[in-house]
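The chain contents come next:
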Amino acid sequence: MSRARADEEEYWHSSKFRAFTFDDEDDELSQLKESKRAVNSLRDIVDDDDDDLERVSWSGEPVGSISWSIKETASGSTSSLDSRDSSLQKGSSSYAALPKQVSSYSLSSLFKGELYLSLSALTDTGVKTYAPELRRPKAEYKDYSSDWSPKDTVRRMQRGKVCSLERFRSLQDKLVLLDEAVAGHDGNVITAVLIFLKRTLRREILFRELELRQVALCHLIHFLRETGEQKFLLDLLRTDSFFSLFVQLSQYREHLNIQDAEKRREFLKGCIGLPFSAEDTSHIQDHYTLLERQIIIEANDRHLEMAGQSELFRKYPRKASILNMPLVTTLFYSCFYHYTEAEGTFSSPTNLKKTFKIPDKQYVLTALAARAKLRAWGDVDALLTTKNWLGYTKKKAPIGFHRVVEILQRNNAPVQVLQEYVRLVEDVDTRLNLATKYKCHDVVIETYRDLKDRIQLIAYKCKVERGSAEEEKINSILNNMVRNTFS
């Protein structure tokens, strides 16, 4: 009994921790310093031979190798995956399974020892699921097909699409492709097709076919000049057909050196018989006809001006001769001095329009400028007035009434004339801008009245003169708005 009590007291009074003494602290500090010196000495040894030593894992594989990286990453990911799976199993079973992704290894990451594995590679390598492929539109797959016709090929080339021209192997297909390119009026496409023909056709065949296609010929000559292919260009110009064409063009250019109008007319008459294309022959014919008309008009007007028989020539004397002037200048001259003449005369504007097939837009623009310069506002009104088959009249401007207003304003038209044509502008914003710019107050007030914009009317009231008719008109409109609101 006494022994058991002694053992119990010894148990309670004994402890594995010792009491604090200064001697013990010195012993522990000395041990810590000795261990630190030992570790430093080992580090120096290892650092000196670091390049010669190979680190090996417990399995005997070199540390940092591909197989070691895979195993290390897989073991770490598996442990985290097991903990995640256990937590997911505790949750609700109604959640759908996550889609698995196929992992792909980067060679650089393998050599660096940094490998990132996807979920599917670590869990179930036997089952592979693939993400749905984002398919291209069918139209893009057709870019590389060979089913396009020459017309469709040219259209796609105009839009900047990649089209192969190698499928056009026969001479007929190549010529059809060239004709479609010329019809498309796109210089880049024409040049691209010509480069293809230059590479795939013999020179004799290419020169023979280009003789019938003047537009393509001009593009090829320009391309050869830009690229510096002088030998090919000289071979092209040495052929009989192109040499004769060059001679014809040089002969036609000689009319520029002829000063006398009668001699130039005779020279142009001889150029009509040269073997030009139909389009070029038509231009030479028009040139000859225009010069012939100018000679007749110049002789007649010079006689009237010298005799002083025409009041218009006395008030607005001519500043230059009409000879050798362009067609538009001749039309303006005719509209200025001979606007009221009958259609049967050579100097009549309507005769010029019919003979040279001048478009309505060009004719109205030129005639409007000529009559506005003379301040003949009645002729301007008649020019822009049309009559339908029922006899009703209507104002119509092929160039747009906003351009009519600008031309009239440049010729200092009065506000009453400007307001008449500003009202005919269809777009409301354009109408307000023109009316405000040229101070057509009535048009601005009427437009705001039609829009029922009381705020703009009050603001515009501050811009007109006090006590003027415009201010009274605005006050009347505002009062009527108030009455209509409370009635």
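This is a predicted model, so every value here is computed, not measured.

A short note on the overall build of the protein chain
Scanning the protein chain for helices and strands turns up 26 helices and two strands. Burial status across the protein chain gives 30% buried among its 487 residues. Put simply, the protein chain shows about 34,200 Å² of open surface, and 53% of that area lies on carbon and sulfur atoms.

With respect to the packing of aromatic side chains
Applying the stated rule across the entire model yields six aromatic pairs. On the numbers, 5.7 Å between centres and 75° between planes, the contact of F207 with F232 is edge-to-face. Note that F207 is positioned in helix 10 (residues 203–210) and F232 in helix 12 (residues 230–238), a separation of 25 residues in sequence. Both residues of the pair, F207 and F232, count as buried. When the centroid spacing of 4.8 Å and the interplanar angle of 70° are considered together, the rings of F336 and Y337 count as edge-to-face. Here Y337 falls in the buried class, since its relative accessible area comes to 14%. Clustering of aromatic rings is evident, with ring pairs tying together F313, Y316, F332, Y333, F336 and Y337. The ring of F168 is capped by R167, whose NZ or CZ atom sits 4.8 Å from the centre of that ring. Stacked on the ring of Y363, the Lys or Arg K353 has its end atom at 4.9 Å from the ring centre.

Description of the nonpolar core
Among the nonpolar cores identified, the biggest contains 52 residues, and L368, V404, L408, Y421 and L457 are the most heavily contacted of them. Take this core: its biggest share by element is six residues, from helix 19 (residues 360–373). Discounting chain neighbours no more than four positions away, the residues touching L408 are L368, A372, W377, V380, A413, V417, L418 and Y421. Counting residues in hydrophobic clusters, the runner-up holds 28 residues, among them L165, F196, L197 and L201.

Remarks on the packing of helix 8 (residues 171–183) against helix 9 (residues 187–200)
Between helix 8 and helix 9, the least distance of the axes is 9 Å, while the angle of their chain directions is 160°. One finds that helix 8 runs roughly antiparallel with respect to helix 9. The interaxial crossing formed by helix 8 with helix 9 has left-handed handedness. Residues K174, L177, L178, A181 and V182 of helix 8 lie in contact with helix 9, whose contacting residues are V189, I190, V193, L194, F196, L197 and T200. Of the residues that constitute the contact of helix 8 with helix 9, the class distribution is ten nonpolar, one polar and one charged.

A word on the pattern of salt bridges
Side chains bearing opposite charge may pair, as long as their charged atoms lie close to each other. Enumeration according to the criterion identifies 19 salt bridges in this entry. A salt bridge links E305 to R318; its shortest N-O distance comes to 3.1 Å. Here R318 lies in the loop between helix 16 (311–315) and helix 17 (327–337) and E305 lies in helix 15 (residues 278–307), a separation of 13 residues in the sequence. What makes E305 partly exposed here is its relative accessible area of 30%. Given a relative accessible area of 15%, R318 falls into the buried group.

What about helix 17?
For helix 17, the full list of buried residues reads T330, L331, Y333, S334, C335, F336 and Y337. Tucked into the core, helix 17 has its buried residues touching helix 15, helix 16, helix 18 (349–356) and helix 19.

Quick word on the packing of helix 21 (residues 401–410) against helix 22 (residues 415–422)
The N-to-C vectors of helix 21 and helix 22 enclose an angle of 170°; their axes lie 9 Å apart at closest approach. Classified by the angle their axes make, helix 21 and helix 22 are roughly antiparallel. Every residue of helix 22 that contacts helix 21 at F401, V404, V405, L408 and Q409 is listed here: V417, L418, Y421 and V422.

Details of the confidence of the model for the protein chain
Of the residues in the protein chain, 68% have a pLDDT of 70 or more, and the chain-wide mean is 77. For the stretch residues 45–54, pLDDT sits under 50, and the model shows two contacts to residues farther than four places along the chain or on other chains. For the stretch residues 87–134, pLDDT sits under 50, and the model shows 34 contacts to residues farther than four places along the chain or on other chains.

Thresholds applied
Residues numbered from 1 in each chain as written. Predicted model: local features only at pLDDT ≥ 70, side-chain atom pairs only at ≥ 80, totals over all residues. Heavy atoms only, no water. Helix = DSSP H or I, 4+ residues; strand = E, 2+ residues; numbered from the N terminus. Buried < 20%, exposed > 50% of the residue type's maximum accessible area, 1.4 Å probe, protein only. Areas by Shrake-Rupley, 256 points an atom, 1.4 Å probe, with all protein chains shown as cover. Phe/Tyr/Trp six-rings, centres within 6.5 Å; stacked < 30°, edge-to-face > 60°. Lys NZ or Arg CZ within 6 Å of the ring centre and 35° of its normal. Core = buried A, V, L, I, M, F, W, Y, C linked by side-chain atoms within 4.5 Å. Contact = heavy atoms within 4.5 Å. Axes fitted to C-alpha atoms, helices over the stretch in contact; angles between N-to-C directions. Parallel < 35°, antiparallel > 145°, perpendicular 65-115°, else oblique. Left-handed = near helix turned anticlockwise from the far one by under 90°. Nonpolar A, V, L, I, M, F, W, Y, C, P; charged D, E, K, R; others polar. Salt bridge = Lys/Arg side-chain N within 4 Å of Asp/Glu carboxyl O. pLDDT = per-residue confidence, 0-100.

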